[in-house]
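# Structure at a glance
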Amino acid sequence: MNTHELVSKQEIRQVYESYRDYFTEIMNFVIDRLQKNIKLSTQPTYKSRVKSFNSYYKKIVRLKPDQVESKSDLIYLTDMMGIRMICAFLEDINIGLEQIKKIFDIKEVEVKGSENNFKEFGYESIHVLVKIPEEFRPKLEGPYANLKPISEELVCEIQIRTILQDAWAEVEHELIYKTEFNPFDIPLRRKLASINASLTLADITFQEIRDYQNKLQKAMDERRRSFYSKADNLLNENPVPEAEDINRVTPFVQGTIDDMLLRAIEAHNQGRLQEAVDIYSKIIEAVPVDQGAIHAVIRKHRGMAYFAMNKLDQALEDFEMSIQADKKAFRSYYYKGIVYSIQKKYREAIECYTKSLEINEFQAHANFRRAIAYYELQEYEKAMNDLDVALKLGLNPDECKGLQEKLVKTFGMNM
């Protein structure tokens, strides 16, 4: 009986191993589709594996014992092909799941680990069972000529995890499942539970930081659009609106510098300019002098607030202080150039735009505004050259139309 079982197991191994490359090729097709269609803020990485024979054999003996001794064809299981999609942040898991649903026929979605209590080991991840499209099945020819068609519907399990969830799963597999070790020692169980909790907290913290960054970036983009809109109005010699006199100054803002910065930018975007200036000022007072990068950023923001209040001298001073704190602050040079242009100090403006472009040459708007300054100084050829560069860098042609028409007319008159 033992000899028969040994031979049977060996036969099953031979059949199983003959399909390994076949399954691997299918998973490569699946990964290729995922890579082309899954679009997250940070692109995920992928791992794949064909189930090891030992795990496979243990499972079929337990679940399909009637086939082990009677069937020479492949005994198919739904988890023979497995892919891990490893994401940077928790929010990517659900976003990734929704995108997978759009590109595959989903057979099942299961959240693993959600049933665990705080004393148990395990870490959540989402397991998605997808149907393998018929075109992903390699033809049974060439290296696969000896394989028999699989009658069952082929599926692949895609596990969606964060980087930390994946790390935990790898270590947990080595410590517990691979060695069939289940610790009974209470201190040891507590250590594992503590690591699990720490990783979970780290994932949550990373997501909170990402949420903050997204919110801050959105607020900064809005504030930058407002700054450019006001600059365009002033450069086009439109009436300068009176700055709103708002004295609803908050008391000392509690929390981190990041909290204060976000509140300042939100106040800035909502037109509470004096409140924004006061918060920026408190940050400047709180940050040590040797933290040049922080001072450069905050001075730049406060300068933009002063600009919105029509306090151009204070804005210039802050932009200059930003540059002194960080010699690579190309945006501060650019903003300083805008203020000089509004003051009709075109030579000084050109100098600032030039320094900004020396640090970062891929600035369409810096070239465009320098072109305007050159035009005002009647240096038309330089203006046309800068305008051409701005267009090549992707500036909207509609924004250039006015200056372009002026230059064409000027060159036409000089011919």
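Residues numbered from 1 in each chain as written. Predicted model: local features only at pLDDT ≥ 70, side-chain atom pairs only at ≥ 80, totals over all residues. Heavy atoms only, no water.

This brings us to the overall build of the protein chain. Regarding its fold elements, the protein chain presents 16 helices and 5 strands. Looking at the protein chain as a whole, 43% of its 415 residues qualify as buried. Expressed as a percentage of contacts within the protein chain between residues at least 6 apart in sequence, the contacts between residues at least 24 apart total 68%. Carbon and sulfur atoms form 51% of the exposed surface of the protein chain, whose accessible area is close to 23,400 Å². (Helix = DSSP H or I, 4+ residues; strand = E, 2+ residues; numbered from the N terminus. Buried < 20%, exposed > 50% of the residue type's maximum accessible area, 1.4 Å probe, protein only. Contact = heavy atoms within 4.5 Å. Areas by Shrake-Rupley, 256 points an atom, 1.4 Å probe, with all protein chains shown as cover.)

Across all of its chains, the model carries 19 salt bridges by this definition. Measuring nitrogen to oxygen at the nearest pair gives 2.7 Å for the salt bridge that ties arginine 272 to glutamate 275. Here the two residues arginine 272 and glutamate 275 agree in accessibility, since each one is buried. Note that arginine 347 and glutamate 379 form a salt bridge whose closest N and O atoms lie 2.7 Å from each other. Highlighted residues: arginine 347 in helix H13 (residues 346-359) and glutamate 379 in the loop between helix H14 (364-376) and helix H15 (380-392), separated in sequence by 32 residues. When salt bridges with common partners are traced through the structure, they connect Lys47, Arg84 and Asp166 into a single cluster. (Salt bridge = Lys/Arg side-chain N within 4 Å of Asp/Glu carboxyl O.)

What follows deals with the packing of aromatic side chains. All chains considered together, the criterion is met by 14 aromatic pairs. Ring geometry for phenylalanine 53 against tyrosine 56: centres 6.1 Å apart, planes inclined by 45 degrees, an arrangement best described as tilted. Here phenylalanine 53 and its partner tyrosine 56 are both found in helix H3 (residues 53-63), 3 residues apart, which amounts to about one turn of the helix. Their ring planes at 55 degrees and their centres at 5.4 Å tell us that tyrosine 375 and tyrosine 380 sit as a pair that is tilted. Site record: aromatic cluster; members linked through ring pairs are Tyr19, Tyr22, Phe23, Tyr76 and Tyr144. (Phe/Tyr/Trp six-rings, centres within 6.5 Å; stacked < 30°, edge-to-face > 60°.)

What follows deals with helix H10 (residues 292-308). Side chains three or four residues apart in an α-helix point the same way, a direct result of the helix having 3.6 residues per turn. In this model H10 runs 24 Å from its N-terminal to its C-terminal C-alpha over 17 residues, within 8% of the 24 Å that 1.5 Å per residue would give. In terms of residue burial, H10 counts as a mostly covered element, since 13 of its 17 residues are buried. Phi for asparagine 310, located one or two positions after H10, is positive at around 65 degrees. (Expected span 1.5 Å × (residues − 1).)

Here we have 5 strands laid out as an open sheet, ordered S1-S2-S5-S4-S3, and mixed in their pairing. Taken across any chain shown, the strands that pair with only one partner, and hence form the sheet edges, are strand S1 (45-50) and strand S3 (106-112). This sheet shows a mean twist of 20 degrees between the axes of neighbouring strands, independent of strand direction. As paired elements, S3 and strand S4 (residues 125-131) share 6 bridges and run antiparallel to each other. Along S4, the bridge assignment pairs valine 111 with isoleucine 126. Those strands touched by helix H2 (residues 20-37) are S1, strand S2 (81-87) and strand S5 (155-162), and its axis lies near 160 degrees from that of S1. (Pairing = 2+ DSSP bridges. Axes fitted to C-alpha atoms, helices over the stretch in contact; angles between N-to-C directions.)

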